[in-house]
Amino acid sequence: MALALGIDIGGTKISAALVRYGEIVKKIEIPFVREGIVDELARAIAEIDPDQSTESVGIACAGLIDSERGLITFAGNLDFENFPLRDLLAPKIKREIALTNDASAAGWGEFRYGAGKEFSHMALLAVGTGIGGALILNRSLVLGAHGLGAELGHLNVPGANATCPCGLVGCVEAVASGRAMERKAQELGFAHTQALADAARAGDAKARQLFDEMGWAIGAISGRLTNVVDLEALIIGGGFGATFDLWESGAQRGLRENIVVPALRTVPIFKRAQLGNDAGVIGVADFAYGKR
Ligand SMILES: [Zn+2]
């Protein structure tokens, strides 16, 4: 395999990496501002691959991404709406560009080179400030008709009534994301989620209850998703996924209470992600390479 190039557009910086078989050979990070994003991407690509040794570039970005048309359909944190990133960037770099959502990229990375290697039907739940999702079925990344699919963070938790930043009510992101847990922690008098996690690990009943409810919500949507697509595994990633030990039992309960005939079937397993912050660049580089 030749080198593949992956880029992850974060909130304030661009990470660019040259990747071979899931191993990062070289990586740079450069800051950018929204208005200069096309030029900064071209600069990052020229800097990391001055000899143009790659034929394709994979770009991952948070938000709703129309992979088919190369658009950032909606990225709230960067304030983009139907932004034609691929068509603006392509003439500057003269290589094929594959654009996808950051969680889908991370899911593909985990499937190819991380915690998902042994599975053919898996989902990634990237539990961070929000909750991103990726879906891999029959060893293929599921993006839907326009690339807008696999928004697992906006699956509905039974009985939940919190309003999500997306405008819908009861999304798992509104109940069990880092942002949602921050708000609940503060309502209980904890300064932040780290203090909440410390208290839970020390045995504080209210803190443990909050994590249990968080886990139940994630388990519930996992069960409902499994009813539709019969998953083997749910890979838990994202920064807040590091608290998984505190909500694993809640997730198992939520899963079993929302899956059809759990006693008579194979129930999917939860498993921690393995590639950390690099999952996105590794995944999107491989995704773009495979699309050439
Ligand atoms: Zn939502």
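Owing to the predicted nature of the structure, the values given are computational and were not obtained by experimental measurement.

A. View of the sheet that holds strand β6 (residues 71–75). On the basis of which strands lie adjacent, the open sheet formed by three strands has the order β5-β6-β7 and antiparallel pairing. Lying at the two open borders of the sheet, with one neighbouring strand each, are β5 (64–66) and β7 (80–83). Ignoring which end each strand starts from, the neighbouring axes of this sheet average 15° apart. Of the strand pairs in this sheet, β5 and β6 are connected by three bridges, and their pairing is antiparallel. Counted as the bridge partner of Asp-66 is Leu-71 from β6.

B. Molecular detail of the nonpolar core. Ile-7, Ala-123, Leu-125, Val-172, Ala-217 and Ala-285 are the most contacted members of the largest nonpolar core, which totals 101 residues. Counting residues per element, this core draws most heavily on helix α7 (residues 205–229), at 10 residues. If you count residues domain by domain, this core takes at least three from each of domain 1 (4–105 + 277–291) and domain 2 (119–273).

C. Inspection of the domain arrangement of the chain at higher detail. Here the chain is described as being made up of domain 1 (4–105 + 277–291) and domain 2 (119–273). Between domain 1 and domain 2, the C-alpha centre-to-centre distance is 27 Å. Contacts between domain 1 and domain 2 engage 13 residues on the former and 14 residues on the latter.

D. Examining the sheet that holds strand β1 (residues 4–9) more closely. The strand order across the open sheet formed by five strands is β3-β2-β1-β4-β8, and the pairing between neighbours is mixed. For this open sheet the edge positions go to β3 (23–31) and β8 (96–101), each flanked by a neighbour on one side alone. Adjacent strand axes in the sheet meet at a mean angle of 20°, parallel and antiparallel pairs treated alike. Across eight bridges, the pairing between strand β2 (residues 13–20) and β3 is antiparallel. Bridge assignment links Val-19 to a residue of β3, and that residue is Ile-24. Sitting on the sheet, helix α3 (residues 102–113) touches β1, β4 (56–61) and β8, and the angle it makes with β8 is about 100°.

E. Up close: the environment of Ala-123. Tracing the backbone shows Ala-123 in strand β9 (residues 122–127). A residue is classified by how many C-beta atoms lie within 10 Å of it, and Ala-123, with 28 of them, is buried. With residues up to four places along the chain from it excluded, the contact list for Ala-123 reads Gly-133, Ala-134, Leu-135, Leu-152, Leu-225, Leu-231 and Leu-234.

F. How the structure looks around helix α5 (residues 178–187). Every buried residue of α5 is listed here: Gly-178, Ala-180, Met-181, Lys-184 and Ala-185. Relative to the axis of α5, the buried residues are bounded by an arc of 155° and lie together on one face. Those residues of α5 that are buried lie in contact with β9, α4 (172–176), α6 (193–201) and α7. Residue Gly-189 follows α5 closely and has a positive phi angle near 95°.

G. A look at the packing of α6 against α7. Relative orientation of the contacting elements α6 and α7 amounts to 110°, with a least axis distance of 7 Å. When the axes of α6 and α7 are compared, the pair comes out roughly perpendicular. For the pair α6 and α7, contact is made by Leu-196, Ala-199 and Ala-200 and by Ala-207, Arg-208, Leu-210 and Phe-211, respectively. Taken together, the residues of the contact of α6 with α7 sort by class into six nonpolar, no polar and one charged.

H. Summary view of the packing of α3 against helix α9 (residues 279–291). Packing of α3 against α9 brings their axes to within 7 Å, and their N-to-C directions diverge by 80°. In terms of their interaxial angle, α3 and α9 are classed as roughly perpendicular. Contacts between α3 and α9 involve Asp-102, Ala-105, Ala-106, Gly-107, Trp-108, Gly-109, Glu-110, Arg-112 and Tyr-113 on the former and, on the latter, Ala-279, Gly-280, Ile-282, Gly-283, Val-284, Asp-286 and Phe-287.

I. View of the environment of Ala-279. Tracing the sequence through the fold places Ala-279 in helix α9. Between the C-alpha atoms of Ala-279 and Trp-108, which are 171 residues apart in sequence, the distance is 8.1 Å. Here Ala-279 is in contact with Ala-106, Gly-109, Glu-110, Gly-114, Gly-237 and Ala-273, once residues within four sequence places are set aside.

J. Representation of unusual backbone geometry within the structure. Positive phi values are uncommon outside glycine, yet Asn-138 reaches one of about 50°. Within the secondary structure layout, Asn-138 lies in the loop between β10 (131–137) and β11 (140–141). Overall, Asn-138 belongs to the exposed group, with 8 C-beta atoms counted inside 10 Å. At Val-261, a residue that is not glycine, the phi angle is positive and equals roughly 40°. Locating Val-261 in the fold gives a position in the loop between α8 (244–258) and β13 (269–272). Residue Val-261 is classed as exposed on the basis of its C-beta count, with 8 C-beta atoms lying within 10 Å.

What counts and how
Residues numbered from 1 in each chain as written. Predicted model: local features only at pLDDT ≥ 70, side-chain atom pairs only at ≥ 80, totals over all residues. Pairing = 2+ DSSP bridges. Helix = DSSP H or I, 4+ residues; strand = E, 2+ residues; numbered from the N terminus. Axes fitted to C-alpha atoms, helices over the stretch in contact; angles between N-to-C directions. Core = buried A, V, L, I, M, F, W, Y, C linked by C-beta atoms within 7 Å. Buried ≥ 20, exposed ≤ 12 C-beta atoms within 10 Å, placed from the backbone. Domains from an automatic or database assignment. Contact = placed C-beta atoms within 7 Å. Arc of directions from axis to C-beta. Parallel < 35°, antiparallel > 145°, perpendicular 65-115°, else oblique. Nonpolar A, V, L, I, M, F, W, Y, C, P; charged D, E, K, R; others polar.

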